[in-house]
Each structure stands twice: as structure tokens, then as C-alpha cells.
Amino acid sequence: MAKKEFLFFLTVYQLEEDIGQPITYARVADHLKITEGGVRTYLHNIVKKGAPIEKIKLNNKFVVLTINKEFRELKLKPRLIDLYTHLNSEQTRLTDI
């Protein structure tokens, strides 16, 4: 997974945890300062690579993103953050994204 794709995954993971519910494309786009089209592209690329993100369609038009429940239960976020910080030495906390 490319560094920016990894950042995208960690952002979805953290934002969902922060608000306690699945998140919208708009929320991710706003947080990463990218377009919703960029969110779709990153999502497509990392899901194709096996990332545990699920897309849920509500009312046949509204889409939200969530981290797979079984993956979240592994409680790997600290290890994932460590992996990312080793890719980017300036990154000290996930919330600094």
C-alpha cells in the first residue's frame, strides 16, 4: 500500500473511532483536504488491495465508510500508527494528520 493510501486508511480508522459511527466521503475529503472524487479513488485502490474498509449504502444513495468490525477488534491501531510514523518521521500522532 502506498504511503498516501495508508494515510487514507488510518484517517478513516481514526475518524470513525472519533465520532463512533461510519463516516461520509465528505468528512474524509475535508479532513485530508482532497475532493470526494479523490476519496473514491483512494477507497477503490485500497479495497482492491484488501484493506478492511466497508462501503455501506444507505437509502440507495448515501454512502458511508466503516472499518471491518473483525479487523477493529484486533486493536491494531497503535501498531499501524507506528508503521506509518516509520514511513514519515515528522508524524508523531495520528491526530496530526
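Our subject is the structure listed above.
Within any chain, residue numbers begin from 1 and follow the written order of that chain's sequence. The predicted nature of this model means local features are confined to residues of pLDDT at least 70 and side-chain atom pairs, given and counted, to a pLDDT of 80 or more, with totals for whole chains, interfaces and linings taken over all residues. Excluded from the side-chain calculations are hydrogens and water; all other atoms, namely the structure's heavy atoms, are used.

**Some details on helix α1 (residues 3–19)**
At step 1: The terminal C-alpha atoms of α1 lie 24 Å apart, and with 17 residues this matches the ideal 24 Å at 1.5 Å per residue to within 8%.
At step 2: Accessibility here uses a 1.4 Å probe with only protein chains present; expressed as a share of the type maximum, an area under 20% marks a residue as buried, one over 50% as exposed, and anything in between as partly exposed. The numbering of helices and of strands both runs from the N terminus, where a helix is a DSSP run of H or I of at least 4 residues and a strand a run of E of at least 2. Where burial is concerned, most of α1 is hidden: 12 out of the 17 residues are buried.
At step 3: Listed in full, the buried residues belonging to α1 are Glu5, Phe6, Leu7, Phe8, Phe9, Leu10, Thr11, Val12, Tyr13, Gln14, Leu15 and Glu16. To estimate the expected span of a helix, subtract one from its residue number and multiply by 1.5 Å.

**A word on the sheet that holds strand β3 (residues 62–67)**
At step 1: By definition, two strands form a pair when at least two bridges between them are found by DSSP. Strand order in this open sheet of three strands is β1-β3-β2, and the pairing throughout is antiparallel. Looking at the sheet topology across the chains shown, the edges are occupied by β1 (23–24) and β2 (53–58).
At step 2: Two strands pair when backbone bridges link them, and β2 and β3 are joined in this way by six bridges, in the antiparallel orientation. Residue pairing in the sheet places isoleucine 56 in a bridge with valine 64 of β3.

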